[in-house]
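Chain by chain, the residues run as shown.
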Amino acid sequence: MTGSLTARWVVVDIEGTLTPTSQVHVVLYDYARPRLGPWIDAHPEDEQVRAAVEATRAEAGLPADAGTAEIVAVLHSWMDADRKAAPLKSLQGLIWQEGYARRELISQYFPDAFPALRRWRDGGLDLAVFSSGSVAGQIASFSHSNEGDVTGLFRHHFDTVNAGPKREAPSYRAIAAGLGDPPAGEIVFLSDVPAELDAAAEAGWQTVGLARSGEPFAEADFGPHRAIASFDEVEIVAAAKDDSR
Ligand SMILES: CSCCC(=O)C(=O)COP(=O)(O)O
Ligand SMILES: [Mg+2]
């Protein structure tokens, strides 16, 4: 165990931090891939689907009359490149939501993740999530985890739509505003991606890098950020409340 941190809020990334990367890149992506086209065709009047299709067309420079097959080819290429584009994430979230509801999906989380989150929450800290996965996808996943429904752990969910890109400091300032503007130094962000930690640190947050064995960022250079291989290696204690704020 490394030294403890003092904070009021703990904000966590999902992929590579709470859940193995393969859970997203293999299990969830494989589930979404063949369902994207049928989903688009089955929900032509759904405003979220229409917006995602329109945004995909615009972002890929497709003609206005591009059909589902061309849209899906772009979405698949983004998945192949793990490009976490908002319209893709929005459609994936809808598909996963249905997959979890049908009990065809169950999210596997690292065994150290929820015990640590419960410890911190029970110790007086508030918890939030910041992931590229859409808020709908996040909530569906936490509702159907290998430990059951754990949605009650989190007070807020942020994604690239309601906060912004994960590698840019203004997104972390937007999240802080969404949390009620606590002092930036009293927010800790845990992620496996050094560039995300850099952005959070630029916004004044404390940062912890997850260098989990077997994960893509296991051997990454975390630079100035504290790096741990498991949540068991860091303790976070609740800051005393300042009633004058
Ligand atoms: C379980 S919600 C889906 C997660 C997802 O789609 C994703 O891309 C995760 O990216 P993150 O920002 O959490 O690394
Ligand atoms: Mg991640």
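Computed from a prediction, not measured in an experiment: that's the story for all the values here.

Rules behind the numbers
- Residues numbered from 1 in each chain as written.
- Chains lettered and ligands numbered in written order.
- Predicted model: local features only at pLDDT ≥ 70, side-chain atom pairs only at ≥ 80, totals over all residues.
- Heavy atoms only, no water.
- Near = heavy atom within 4 Å.
- Polar contact = N/O pair within 3.5 Å; in protein donor to acceptor, adjacent residues only side chain to side chain.
- Areas by Shrake-Rupley, 256 points an atom, 1.4 Å probe, with all protein chains shown as cover.
- Nonpolar A, V, L, I, M, F, W, Y, C, P; charged D, E, K, R; others polar.
- Helix = DSSP H or I, 4+ residues; strand = E, 2+ residues; numbered from the N terminus.
- Contact = heavy atoms within 4.5 Å.
- Donors = N, O, S within 2.8 Å, 3.2 Å for Na, K, Ca; no water.
- Buried < 20%, exposed > 50% of the residue type's maximum accessible area, 1.4 Å probe, protein only.
- Pairing = 2+ DSSP bridges.

So what about the site of ligand 1? Which residues, and what values?
Taken together, the neighbourhood of ligand 1 is formed by Asp-13, Ile-14, Glu-15, Val-24, Lys-84, Lys-89, Trp-96, Ser-131, Ser-132, Gly-133, Ser-141 and Lys-166. Ser-131 is positioned with one of its side-chain polar atoms (N or O) 2.7 Å from an oxygen atom of ligand 1. Within the side chain of Lys-166, a nitrogen or oxygen atom sits 2.7 Å from an oxygen atom of ligand 1. Protein contacts shield 98% of the accessible area of ligand 1, which totals 410 Å² for the unbound molecule. Each residue belonging to the shell around ligand 1 can be placed in one class, and the counts come to three nonpolar, four polar and five charged.

Which residues make up the environment of Trp-78, and what values go with them?
Among the secondary structure elements, Trp-78 is positioned in helix α4 (residues 68–80). Residues Trp-78 and Leu-88 lie ten residues apart in sequence; the distance between their C-alpha atoms is 7.8 Å. Ignoring anything within four residues of it in the chain, the contact list for Trp-78 reads Thr-56, Glu-59, Arg-83, Ala-85, Pro-87 and Leu-88.

Which residues make up the coordination of the magnesium ion (ligand 2), and what values do they have?
The protein atoms that coordinate the magnesium ion (ligand 2) are Asp-13 (OD), Glu-15 (O) and Asp-192 (OD), at distances of 2.2 to 2.3 Å. What makes Asp-13 buried here is its relative accessible area of 4%. The class of Glu-15 is buried, set by a relative accessible area of 15%.

I'd like a description of the pairing of strand β3 (residues 126–130), backed by residues and values.
With respect to burial, β3 is a largely interior element, five of its five residues being buried. The side-chain alternation of β3 yields two buried faces, one formed by Asp-126, Ala-128 and Phe-130 and the other by Leu-127 and Val-129. Pairing analysis gives four bridges linking strand β2 (residues 9–12) to β3, with the strands arranged parallel. Bridging across to β3, Val-11 finds its partner in Ala-128. Where β3 and strand β4 (residues 156–158) come together, three bridges link them in parallel fashion. Across the sheet, the residue bridging to Ala-128 is His-156, located in β4.

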